[in-house]
Amino acid sequence: MTTGQLVELFHHRWAPPALALLDQRGGARFVELQRKLGVTRESLRRALDALLGLGYARRNEGYGHPLRPEYLITEEGRAAAALAARVSTSEVRDTLLRKWSVPVLASLTEPRRFSEIRVALPGVTPRALALALRDLEGAGLVRREVLPTRPPSSVYRTTARATKVLGR
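Residues numbered from 1 in each chain as written. Predicted model: local features only at pLDDT ≥ 70, side-chain atom pairs only at ≥ 80, totals over all residues. Heavy atoms only, no water.

Draft legend 1. Looking closely at the packing of aromatic side chains. Inspection of the entire model under this criterion finds zero aromatic pairs. In this structure, Arg13 packs its charged tip against the face of Trp14, placed 5.5 Å from the ring centre. (Phe/Tyr/Trp six-rings, centres within 6.5 Å; stacked < 30°, edge-to-face > 60°. Lys NZ or Arg CZ within 6 Å of the ring centre and 35° of its normal.)

Here it is, written out as structure tokens:
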């Protein structure tokens, strides 16, 4: 997946768990997804709209009543569903479901400085990136190393735990 696709997928907190559930079940009705995920109607609607826009899910036309739609996963969605399932079942799920957490992890293919991560993620603000890195470090997914230079600089790298979540 590209960085842009990751940002779009994780923009809505409930999109990855919904995608993982659609993949697991092969499809589901809106109300089933809502009950399984324990989410409000509006949050789930936004997440499903995002999945439809990305081409990861589609409505099952001609099935049931128009006010009780069923959603199916597409082939493009199956490729992203593996990552969504690993994130949804992780012990640090709450941290990973934040908007910038997984895109930041994905951008750390090699040790990088803060500014390099920021360049790799168009649209991220310095504050959002700093919060994401702090949360990921607290969850044991990223390690920050302060280099003995003048002035001091930091390098961020993923841990083995993060590599397992990303499936690398």
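Further notes follow.
Draft legend 2. Broad picture of the packing of helix 2 (residues 15-25) against helix 3 (residues 30-37). Running from N to C, helix 2 and helix 3 cross one another at 115 degrees; their axes reach a closest spacing of 11 Å. Crossing geometry of helix 2 relative to helix 3 is assigned as right-handed. Touching Pro17, Ala18, Leu21, Leu22 and Arg25 of helix 2 are Glu32, Leu33, Lys36 and Leu37, all from helix 3. In terms of residue class, the contact of helix 2 with helix 3 is made up of six nonpolar, no polar and three charged. (Axes fitted to C-alpha atoms, helices over the stretch in contact; angles between N-to-C directions. Helix = DSSP H or I, 4+ residues; strand = E, 2+ residues; numbered from the N terminus. Left-handed = near helix turned anticlockwise from the far one by under 90°. Contact = heavy atoms within 4.5 Å. Nonpolar A, V, L, I, M, F, W, Y, C, P; charged D, E, K, R; others polar.)

Draft legend 3. Here's a closer look at the side chain of Ser154. With respect to the element layout, Ser154 can be found in strand 5 (residues 153-158). Under the relative-accessibility criterion, Ser154 is labelled buried at 15%. Polar contacts involving the side chain of Ser154 include one to the side chain of Arg144, which spans 3.0 Å. Aside from chain neighbours lying at most four places away, what touches Ser154 is Arg112, Arg113, Phe114, Arg144, Glu145 and Val146. (Buried < 20%, exposed > 50% of the residue type's maximum accessible area, 1.4 Å probe, protein only. Polar contact = N/O pair within 3.5 Å; in protein donor to acceptor, adjacent residues only side chain to side chain.)

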